[in-house]
Amino acid sequence: HPDAAGNLFVADQNTIAKYKEQHVIQQEISNALADDRVEVFFQPIYSNRDKCFTSAEALVRIRKKDGTLLSPSIFIPVAEKTGIILELGERVIEKVCLLLKNSDAIKLGIHYIEINLSVIQCEKRDLAKRLISIVEKYDIAPGLINLEITETASISARTILLENMKTLINYGFTFSLDDFGKGESNLMYIVEMPVSIVKLDYDMLKAFFQSPKAVVNMAHNMNLKMVAEGIETEEEIQGMSKENIDYIQGYYYSCPVPQNDFLEFLRNNQPVLSSSAE
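Remember, predicted model here, so these are calculated numbers, not experimental data.

Peer 1: Explain the overall build of the protein here, please?
Peer 2: Scanning the protein from terminus to terminus reveals 13 helices and 10 strands. In the protein, which comprises 278 residues, the share counted as buried stands at 46%. Considering only residue pairs separated by 6 or more positions, the protein has 69% of its internal contacts joining residues 24 or more positions apart. In the form shown here, the protein has an accessible surface area of approximately 14,200 Å², with 51% of it arising from carbon and sulfur atoms.

Peer 1: Is there a simple way to think about the packing of helix 3 (residues 85-102) against helix 5 (residues 127-137) in this case?
Peer 2: Any two packed helices are characterised by how steeply their axes cross, that is the angle between the axes, and by the distance between the axes. Look at helix 3 against helix 5: their axes get within 10 Å of each other, and the N-to-C directions meet at 30°. Here helix 3 lies roughly parallel to helix 5, going by the angle between them. In terms of crossing hand, the pair formed by helix 3 and helix 5 is right-handed. Each of Glu-90, Ile-93, Glu-94 and Cys-97 in helix 3 lies in contact with helix 5, whose residues at this interface are Arg-130, Leu-131, Ile-134, Val-135 and Lys-137. Considered class by class, the residues forming the contact of helix 3 with helix 5 number five nonpolar, no polar and four charged.

Peer 1: Would you mind showing me how to read the pattern of salt bridges here?
Peer 2: Pairing is possible between side chains of opposite charge, provided their charged atoms come close. Inspection of every chain in the model, using the stated rule, returns 14 salt bridges. Asp-36 is the salt-bridge partner of Lys-95, the closest N and O atoms lying 3.0 Å from each other. Here Lys-95 is found in helix 3, whereas its partner Asp-36 is found in the loop between helix 1 (13-35) and strand 1 (38-47), with 59 residues between them in sequence. Exposure remark for Asp-36: the relative accessible area of 48% places this residue in the partly exposed category. Note that Glu-57 is salt-bridged to Lys-199, the shortest N-O span being 3.2 Å. Remark: Lys-199 occurs in strand 7 (residues 197-200) and Glu-57 occurs in strand 2 (residues 52-63); sequence separation between them is 142 residues. According to the relative accessible area criterion, Glu-57 is buried, its value standing at 5%. Residues joined in a network through salt bridges with shared partners are Glu-57, Glu-114, Glu-148, Lys-199 and Glu-229.

Peer 1: Just checking my understanding: could you explain the layout of surface pockets for this structure?
Peer 2: Once rolled over the atoms, a probe with the size of a water molecule shows which space is left empty. In this structure, the largest pocket occupies an estimated 860 Å³ of space. Sorting the residues of the lining of the largest pocket by element identifies strand 2, helix 2 (72-82), helix 3, strand 4 (112-116), helix 4 (119-122), strand 5 (145-149) and strand 6 (174-180) as the ones contributing at least two each. Residue composition of the lining of the largest pocket, grouped by class: 17 nonpolar, nine polar and 10 charged. Roughly 160 Å³ of volume is contained in the second largest pocket. Residue composition of the lining of the second largest pocket, by class: three nonpolar, five polar and four charged.

Peer 1: Please clarify how helix 12 (residues 259-269) should be interpreted in this entry.
Peer 2: Within helix 12 the residues assigned to the buried category are Phe-262, Leu-263, Phe-265 and Leu-266. Along the axis of helix 12, the buried positions cluster into a sector of 155°, meaning they face one direction only. Along helix 12, exposed side chains directed more than 90 degrees from the buried face belong to Asn-260 and Asn-268. On its buried side, helix 12 packs onto strand 1, strand 2, helix 3 and strand 10 (257-258).

Peer 1: Where do I start with the pairing of strand 1 in this structure?
Peer 2: For strand 1, a buried count of nine out of 10 residues is recorded, marking the element as mostly surrounded by other parts of the structure. Inspection of the sheet shows strand 1 paired to strand 2 by 10 bridges, in the antiparallel sense. Following the sheet pairing, Phe-41 is matched in strand 2 by Leu-59. Hairpin connection from strand 1 to strand 2: four residues lie between these consecutive antiparallel strands, with Lys-51 at a positive phi of about 60°. The pairing of strand 1 with strand 10 spans two bridges and is classified as antiparallel.

Peer 1: Can you help me understand the packing of aromatic side chains in this one?
Peer 2: How two aromatic rings sit relative to each other is given by the distance of their centres and the angle of their planes. Applying the stated criterion across every chain yields a total of seven aromatic pairs. Look at Tyr-171 and Phe-173: their rings are 6.1 Å apart centre to centre, the planes differ by 25°, and that puts the pair in the stacked class. Using a relative accessible area of 3% as the deciding quantity, one classes Phe-173 as buried. With centroids separated by 5.1 Å and ring planes inclined at 85°, the aromatic side chains of Tyr-252 and Tyr-253 adopt a geometry described as edge-to-face. Residue classification places Tyr-253 among the partly exposed residues on the basis of a relative accessible area of 22%.

Peer 1: How do you make sense of unusual backbone geometry when you look at a structure like this?
Peer 2: Excluding glycine, residues mostly carry a negative phi; peptide bonds, for their part, are mostly trans. For Lys-51, which is not a glycine, the phi torsion comes out positive at approximately 60°. Assessed through its relative accessible area of 45%, Lys-51 is described here as partly exposed. Positive phi is not limited to glycine here, since Asn-223 has a value of about 60°. You can see Asn-223 is positioned in the loop between helix 10 (212-221) and strand 8 (225-228).

Calculation notes
- Each chain carries its own residue numbering, running from 1 in the direction its sequence is written.
- For a predicted model such as this one, the threshold for reporting local features is a pLDDT of at least 70, and the threshold for listing and counting side-chain atom pairs is 80 or more; totals across whole chains, interfaces and linings nevertheless cover every residue.
- Side-chain measures here rest on the full set of heavy atoms in the structure, leaving out hydrogens and waters.
- Only DSSP runs of H or I covering at least 4 residues are called helices, and only runs of E covering at least 2 are called strands; the numbering of each starts at the N terminus.
- Note on exposure labels: buried denotes an accessible area under 20% of the residue type's maximum, exposed denotes more than 50%, and partly exposed covers the range between, all computed with a 1.4 Å probe on protein chains only.
- Residue contacts are defined here by distance: any two heavy atoms, one from each residue, within 4.5 Å place the two residues in contact.
- Here the Shrake-Rupley method, with its probe set to 1.4 Å, supplies the accessible areas, and only the displayed protein chains count as covering residues.
- Axis definition: a line fitted to C-alpha atoms, over the contacting stretch in the case of helices. Angles run 0 to 180 degrees between N-to-C directions.
- Here roughly perpendicular refers to angles of 65 to 115 degrees, roughly parallel to angles under 35, roughly antiparallel to angles over 145, and oblique to all remaining angles.
- By convention, the crossing between two helices is left-handed when the near helix turns anticlockwise from the far helix through less than a right angle, and right-handed when the turn is clockwise.
- The residue classification treats Ala, Val, Leu, Ile, Met, Phe, Trp, Tyr, Cys and Pro as nonpolar and Asp, Glu, Lys and Arg as charged. All others, Gly included, are polar.
- By convention in these notes, a salt bridge is any Lys or Arg side-chain nitrogen within 4 Å of a carboxyl oxygen on Asp or Glu.
- Only protein atoms enter the 1 Å grid used here. Points where a 1.4 Å probe fits but cannot escape make up a cavity, open sets with protein on both sides within 12 Å along at least five of seven lines make up a pocket, and a residue lines them when an atom lies within 4 Å of a point.
- Grid points are joined across faces, edges and corners, and a volume is the space filled by probe spheres set on the points.
- Think of the arc as the fan of directions from the helix axis to the C-beta atoms.
- For two strands to be treated as a pair, DSSP must find no fewer than two bridges joining them.
- Pairing of aromatic rings covers Phe, Tyr and Trp, the last through its six-membered ring, and needs centres within 6.5 Å; plane angles under 30 degrees mean stacked, over 60 mean edge-to-face, and all others mean tilted.

Don't take any of this as a statement about function, it's just geometry.
So, in structure tokens, the structure goes:
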């Protein structure tokens, strides 16, 4: 089929099928946004210092009309490719603000919620303006939100991202670097990025057990907090606690759960706060 310039494009059946599948998923995302079927699941994060759950990671989910969930591995790549991830990302931030405003999450010990920023969001010059507008709309203190970036998100438009990070940090937001140890992460990368938290990629976590003190000392000497992700076993828990890792996240404590289940989890699992929060 020729385009306006007369160039001819040849598509085989596989290409056509993939295009149709992408279109169907994109439509599903659009419908979910219109019908308010975009949900946020929360995975609790345990503080070794406070001995309770002080934060959580917000993860986007799409509820299909039949009540089942559309896998993020299916819809997120399509959302990023088509640009609809911008609206999806802002919907997540709005729902996190509503949780903080309308629930007892803060009384139950939550200090902040981590929210992932997509590559496309990080490349937008008006990122800071848009995020500040959302928290002001819901009257949420920016310190209640920690924004997660990945190294991928900052390579293609690092200057833009750094400018936005500076504005957002001055306003009161904090940042964390997700998946440290994956790809090209290195010490200089962390030095250049104004993050306050480093999240260890699972592969980095395995390396951590080979030289834990070096990893922890590196972060703490830079006044960074460390989160160990993907923790599933008692052995790993003991290792993290012994080596002074700041925060622990993983299936050992909880998988990502819907908002109401997350709040119930906090009510049932905050040893210090459970009596005062009732």
